[in-house]
Amino acid sequence: MSVALLRWYDANARVMPWRVSPEDIRLGQRPDPYRVWLSEVMLQQTTVAAVRDYFRRFTDRWPTVRDLAAAEDAKVMAEWAGLGYYARARNLLKCARVIAADHGGRFPATAEALLSLPGIGPYTAAAIAAIAFDEPATVVDGNVERVVARLFAVTTPLPAAKRELTERAADLTPMARPGDHAQAMMDLGATICTPRNPACSICPLSSACRARALGIAADLPAKSPKPVKPTRHGIAFAGFRRDGAALLERRPERGLLGGMLGWPGGAWSERAPAEAPPPAAGDWRRVGEVRHTFTHFHLVLEVRSALLDTAAAPAAGHFVAAEHFRPADLPTVMRKVHDLAQAAMAAVEGGRGGD
DNA sequence: TAAACGTGGCC
DNA sequence: TGGCCAAGTTT
């Protein structure tokens, strides 16, 4: 089992910026724990394609965990903008600072010790321990759950099946090359043992796969039904000074989009747009609607825009000068608001005859 | 245990 | 086009 999987991995390992190839590992090279940690946190519930550029930018800007620990919060949050699950970025900084302050800038080498760090749960602790430190830790992500559920024809729906799948996965973990084994299981799930239309005919584990023998591979793992998403409504005030400064506010540390920049506006509720006071005096015009879907609800945001007086002190938020403001520093829903407001203002300028 | 927590791609 | 899905963690 393990032999067939590792042989497959040696020939098919995906190339990624944070990964050391099986050949280079055989030559004695070890992955940098910092890069393994950073990539694993970014990859939580996030696709490889989405992570690539973020990983590059982070490691270019902060090459070591000490560099990251010394970074300003706002810089890190801005660099994470668009990647989602912003608690990861907050915990990333906390973790880097613990490593720098309490561990001499070196990552603990065991899954048990890693597990106590902010933002590192069972999956990430096992992944770092196995990949960076060669500990035979068992990595269980969505890919592994799917591979194991099929391999052993586990029909219990997730998340109830989690414990059983973890035990089965642990039985498969070898003492030799645990890091490559972990990555092989995940690569297999990502490229062969896929959620839909699994490529069983070219799978290195097909002869051992119980679900394939039963003809139910594509139906596993079973999942409990998900609750329906409600729709919430709100207002976003996209205000700009004539010199281009944007009126933004830093959102509270906890909760949705915590610690990120956003446009002022009232609470979001399931009843139609609750009226909210504008953050500054001005001629606020409704410029349209932004629709956005979060993990657990749909959002319809009424966007109001205005050109604001330079002298006016805002009642909420603060002006960010044009040279310090990049729309890419905003979480996606707030960037959508920005884009809509800018398009509306450009249309007004154009309709005015332009210059 | 269940709910909160983002986003983009795919079919 | 809307739900599913992606290398989960925290509370």
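Per chain, residues are indexed from 1 in the order of the written sequence. For this description, chains carry letters from A and ligands carry numbers from 1, given in the order in which they are written. In view of the model being predicted, local features appear only for residues whose pLDDT reaches at least 70, and side-chain atom pairs are presented and counted only at 80 or more, with totals across whole chains, interfaces and linings using the full set of residues. To get the side-chain values, take all heavy atoms of the structure and skip hydrogens and water.

## Concerning the packing of helix H3 (residues 33-42) against helix H4 (residues 48-61)
Quick reminder of the rule: Interaxial angles span 0 to 180 degrees and are taken between N-to-C directions of axes, which are lines fitted to C-alpha atoms, for helices over the stretch in contact. A helix here means a DSSP run of H or I that spans at least four residues, while a strand means a run of E at least two residues long, and both kinds are numbered starting from the N terminus. Should the near helix be turned anticlockwise from the far one by less than a right angle, the crossing is termed left-handed; should it be turned clockwise, right-handed. Contacts are residue-level and defined by heavy atoms, with any inter-residue pair within 4.5 Å sufficient. Polar here means any residue outside two lists: the nonpolar Ala, Val, Leu, Ile, Met, Phe, Trp, Tyr, Cys and Pro, and the charged Asp, Glu, Lys and Arg; Gly therefore counts as polar.
Where H3 meets H4, the axes come as close as 10 Å, and the angle between the chain directions of the two elements is 140°. Crossing handedness for the pair H3 and H4: right-handed. Touching Arg35, Leu38, Ser39 and Met42 of H3 are Val51, Tyr54, Phe55, Phe58 and Thr59, all from H4. Taken together, the residues that form the contact of H3 with H4 break down as six nonpolar, two polar and one charged.

## What about the pattern of salt bridges?
Heads up, the condition is: Criterion for a salt bridge: a side-chain nitrogen of Lys or Arg within 4 Å of a carboxyl oxygen of Asp or Glu.
What the rule picks out here adds up to 19 salt bridges. One salt bridge in this structure joins Glu275 and Arg304, with 2.9 Å as the shortest N-O distance. In this pair, Glu275 sits in the loop between strand E3 (261-262) and strand E4 (285-293) while Arg304 sits in strand E5 (residues 298-308), placing the two residues 29 residues apart along the sequence. For Asp339, the salt bridge goes to Arg335, with nearest N and O atoms at 3.3 Å. Taken as a pair, Asp339 and Arg335 lie in helix H14 (residues 332-351) at a separation of four residues, close to a single helical turn. One salt-bridge network, in which partners are shared between bridges, spans Glu275, Arg286, Glu289, Arg291, Glu302 and Arg304.

## Side note on helix H9 (residues 122-133)
Which entries qualify depends on this criterion: Each residue after the first adds 1.5 Å to the expected span of a helix. The classification of residues rests on relative accessible area computed with a 1.4 Å probe and restricted to protein chains. Under 20% of the type maximum is buried, over 50% is exposed, and intermediate values are partly exposed.
With twelve residues, H9 extends 16 Å from end C-alpha to end C-alpha; this agrees with the ideal 16 Å at 1.5 Å per step. Of all twelve residues that make up H9, ten are buried, and the element is covered over most of its length. Of the residues making up H9, those classed as buried are Tyr123, Thr124, Ala125, Ala126, Ala127, Ile128, Ala129, Ala130, Ile131 and Ala132. Contacts made by the buried residues of H9 are with H3, helix H8 (111-114) and helix H12 (178-191). Directly beyond the C-terminal end of H9, a positive phi value near 60° is found at Asp134.

## Regarding the protein's contact with DNA strand B
Our working definition: One heavy atom within 4 Å of a molecule or strand is enough for the residue carrying it to be called near that molecule or strand. In protein, a polar contact requires one atom able to donate a hydrogen and another able to accept it; more generally it is a pair of N or O atoms within 3.5 Å, and residues adjacent in sequence count only if both atoms are side-chain atoms.
Close contacts around DNA strand B come from 19 residues, with Tyr86, Leu257, His292, Thr295 and Thr332 the closest. Sugar plus phosphate: this is where 63% of the atoms of DNA strand B within 4 Å of the protein reside. Contact distances for DNA strand B include 2.6 Å between a phosphate oxygen and a backbone N or O atom of Tyr86. Elements supplying a minimum of two residues to the surface near DNA strand B: E4 and H14. For the surface near DNA strand B, the element with the highest residue contribution is H14, accounting for three residues.

## Quick notes on helix H11 (residues 162-172)
The test is simple: In this context, the arc is that of the directions from the helix axis out to the C-beta atoms.
When we look at burial in H11, the residues that qualify are Leu165, Ala169 and Leu172. Along the axis of H11, the buried positions cluster into a sector of 50°, meaning they face one direction only. Looking at H11, the residues exposed on the side facing more than 90 degrees away from the buried face are Arg163 and Asp171. For H11, the secondary structure elements touched by its buried residues are helix H10 (142-151) and H12.

## Considerations on the pairing of strand E2 (residues 246-250)
The following threshold applies: Think of it this way: DSSP has to see at least two bridges between two strands before they count as a pair.
Where strand E1 (residues 231-241) and E2 come together, two bridges link them in antiparallel fashion. Across the sheet, Gly239 pairs through a bridge with Leu247, a residue of E2. Following E1, the chain reverses through four residues before pairing antiparallel with E2; Gly244 in that reversal takes a positive phi of roughly 95°. Direction of pairing for E2 relative to strand E6 (residues 318-320): antiparallel, over a ladder of three bridges. By the bridge assignment for E6, Leu247 is matched with Phe319. The pairing of E2 with E3 spans two bridges and is antiparallel. Across the sheet, residue Glu249 finds its bridge partner in E3, namely Gly262.

## Some thoughts on the pairing of E5
The buried fraction of E5 amounts to nine of the eleven residues, a majority that puts the element mostly inside the structure. Bridge count between E1 and E5: eleven bridges; the pairing is parallel. Looking at E5, one finds that His233 is bridged to Val300.

## Points about the protein's contact with DNA strand C
Residues in close proximity to DNA strand C total 27 residues, the closest being Gln45, Gly119, Asp141, Asn143 and Arg146. Within the backbone of Gly142, an N or O atom sits 3.2 Å from a phosphate oxygen of DNA strand C. Separating a phosphate oxygen of DNA strand C from a side-chain N or O atom of Arg146 is a distance of 2.3 Å. Here the surface near DNA strand C is composed, by residue class, of ten nonpolar, nine polar and eight charged.

## With respect to the UniProt feature "domain: HhH-GPD" (unreviewed entry) in chain A
We apply this condition: UniProt positions are given in the numbering used here, feature names are shortened, and annotations may be inferred rather than shown by experiment.
Listed under "domain: HhH-GPD" (unreviewed entry) in the UniProt record, and renumbered for this structure, are residues 42-191. Spanning residues 42-191, this segment combines 63% helix with 0% strand, and its end C-alpha atoms are found 19 Å apart.

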